Amino acid sequence: MARSLEEAGWAAELYDAGWKLVWVSSEILELTGESDPAELGYGEHVLEHIRRTTFQNMISAESVASLLEVELPMVLHDTPGGKEELKRLAGGTLDEVIDRIEERAPPTSWASQIEFLQGDLPPIPVNLLVTRLHSRKGEHIGRLVLYGPALPTSILSLVARGDPAMFERMARLVDPGRRPAAILFADVQDSGLVSKRLPSASYFGLLRGLITAIDEVVGRFGGVVGKHAGDGATAFFIADDLGSPSGAARGALEAARAIAVVARDVVKRTSDESEALDPDDVKVNVGVHWGGQLYMGQLVTGGRLEVTALGDTVNEAARIQQSARDGQVLASKSLLEQLRADDAKALDIDPDAMTYRTIEELPGASSKAKRDAGTVPVATL
């Protein structure tokens, strides 16, 4: 049972017939931040298990109280030694509660809800399903606890459309910190003019298609999607995720080139449906830069989950993109010089033969770009 639960990716626990913890899935370990299952209390009774700091940091005190109200009468039913044994196992912390409960035979299964805590993030409701397990002969051998999101299936189906590998990379950013990463900005050139030429429905379809395609490219090359602002997109390619600074730079450059290809495909589909749009009228400009010490982390609110980064290099990357014109990909010198020889060869780039111009030398650079990133050297790919 443990093997099948692990293969299916469930957040799950198994207890024996005496309510002792015998197994937790790797998803539980990931949520708790523990690398050693024994630290969760393997072999301990559930009343000992819930006294551990790891457990108390994961579930709100109100949720623990609610669970005890439901489960203590059933635990009493399955515990030789009765209330005195429960008091011993609880270490004297639940004497008054145990004194007033009455034994109750557990049903075959029951459901409940807890409030899950993770660091300083807002608490979230989590559903749990408990099922009593029996041998082929009908003997009670333990219980299974399954944890799942307290979301309606109709909403969960929308969330599940995302890229699981990218979500895993985003999950690793739950603790903000400094990380070396490549930064990518992409934006539609003269989007205001394009929007005026198209019906609102067609323009919305164009933007949705472009953003969806860009996000797919970012995920394909090992990146993490950042903020979406209007018709633009941001992405980060973290050195730890891609094995090295060179791997991160390569991932960002591969994504930048691929964005130009997928953008043309999306624009062509839209132009086939609307005579008002010429495929040559829509250009997606991309800027790629290196951030040696980006301060990165999750931004989680009631309405969104996104990754954001702080630092001067993020602002510079935005100005690099804004200085690109007519579908250009501009890459900074600091990013290109992260490439090892093998990654540069795979990209058909020779960093030692590149010619650079500073942002202030580019004809498309605005006064703001010159002010914020004027001395940053870039090359056109």
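In what follows, the accompanying structure is described. (Residues numbered from 1 in each chain as written. Predicted model: local features only at pLDDT ≥ 70, side-chain atom pairs only at ≥ 80, totals over all residues. Heavy atoms only, no water.)

### Let's talk about a negative patch on the surface
- On the surface, Glu 6, Glu 7, Glu 27, Glu 30 and Glu 168 cluster together into a negatively charged patch.
- With respect to the helices and strands, Glu 168 occurs in helix α9 (residues 164-171).
- With relative accessibility at 51%, the residue Glu 168 sits in the exposed group. (Patch = residues over 30% accessible without salt bridge, like charges linked within 9 Å, V, L, I, M, F, W, Y side chains within 5 Å. Areas by Shrake-Rupley, 256 points an atom, 1.4 Å probe, with all protein chains shown as cover. Salt bridge = Lys/Arg side-chain N within 4 Å of Asp/Glu carboxyl O. Lys, Arg positive; Asp, Glu negative; His and termini not counted. Charge placed at Lys NZ, Arg CZ, Asp CG, Glu CD. Helix = DSSP H or I, 4+ residues; strand = E, 2+ residues; numbered from the N terminus. Buried < 20%, exposed > 50% of the residue type's maximum accessible area, 1.4 Å probe, protein only.)

### Digging into α9
- Here α9 has its buried residues at Met 166, Arg 169 and Met 170. Along the axis of α9, the buried residues cluster in a sector spanning 100 degrees; they form a single face. Residues of α9 that are exposed and angled more than 90 degrees away from the buried face: Pro 164 and Glu 168. (Arc of directions from axis to C-beta.)

### Remarks on the pattern of salt bridges
- In this structure the tally under the stated criterion is 14 salt bridges.
- Residue Arg 132 pairs with Asp 78 through a salt bridge whose shortest N-O separation is 2.9 Å. Of this pair, Arg 132 sits in strand β4 (residues 124-134) while Asp 78 sits in helix α5 (residues 61-78), and the two are 54 residues apart along the sequence. When sorted by exposure, Arg 132 lands in the same class as Asp 78, which is buried.
- Across the pair Arg 172 and Asp 241 runs a salt bridge whose closest N-O atoms are separated by 3.0 Å. Placement of Arg 172 in the loop between α9 and β6 (177-188) and of Asp 241 in helix α12 (residues 239-242) is noted, with a sequence separation of 69 residues between them.
- Overall, Arg 172 belongs to the partly exposed group, its relative accessible area being 45%.
- Members of the salt-bridge network, linked through shared partners, are Arg 250, Glu 254, Arg 340, Asp 342 and Asp 343.

### What about the packing of α5 against helix α6 (residues 82-89)?
- Orientation of α5 relative to α6, taken along the N-to-C sense of each, is 120 degrees, at an axis distance of 9 Å. α5 and α6 meet at a crossing whose hand is right-handed. Facing Leu 72, Val 75 and Leu 76 of α5, the residues of α6 in contact are Gly 82, Lys 83 and Leu 86.
- A breakdown of the residues in the contact of α5 with α6 according to their chemical character gives four nonpolar, one polar and one charged. (Axes fitted to C-alpha atoms, helices over the stretch in contact; angles between N-to-C directions. Left-handed = near helix turned anticlockwise from the far one by under 90°. Contact = heavy atoms within 4.5 Å. Nonpolar A, V, L, I, M, F, W, Y, C, P; charged D, E, K, R; others polar.)

### Points about the sheet that holds β4
- Ordered by their spatial adjacency, five strands build an open sheet running β2-β1-β5-β4-β3, and the pairing between neighbours is antiparallel. Two strands lie at the open edges of the sheet, namely β2 (21-24) and β3 (109-116), each paired on one side alone. Each neighbouring strand pair of the sheet contributes to a mean axis angle of 20 degrees, computed without reference to strand direction.
- The strands that α5 touches are β3, β4 and β5 (140-149); relative to β3, the one it contacts most, it runs at about 150 degrees. (Pairing = 2+ DSSP bridges.)

### Section: the side chain of Ser 191
- Note on placement: Ser 191 falls in helix α10 (residues 191-197).
- When its relative accessible area of 18% is taken as the criterion, Ser 191 is described as buried.
- Discounting chain neighbours no more than four positions away, the residues touching Ser 191 are Tyr 203 and Asp 231.

### Looking at the nonpolar core
- Grouped together as the largest cluster of nonpolar side chains are 64 residues, with contacts concentrated most on Leu 184, Leu 206, Phe 237, Val 286 and Met 296.
- Residues within four places of Leu 184 in sequence aside, it is in contact with Ala 233, Thr 234, Ala 235, Phe 237, Ala 252, Ala 255, Ala 256, Ile 259, Val 286, Gly 287 and Val 288.
- Grouped together as the second largest cluster of nonpolar side chains are 35 residues, Ile 28, Leu 40, Leu 47 and Leu 86 included. (Core = buried A, V, L, I, M, F, W, Y, C linked by side-chain atoms within 4.5 Å.)

### So, the pairing of strand β11 (residues 329-332)
- The alternating pattern of β11 places Val 329 and Ala 331 and Leu 330 and Ser 332 on opposite faces, both of which are buried.
- Judged from the three bridges that link them, β11 and strand β13 (residues 377-380) form a sheet pairing that is antiparallel. Bridge pairing links Leu 330 to Thr 380 in β13.

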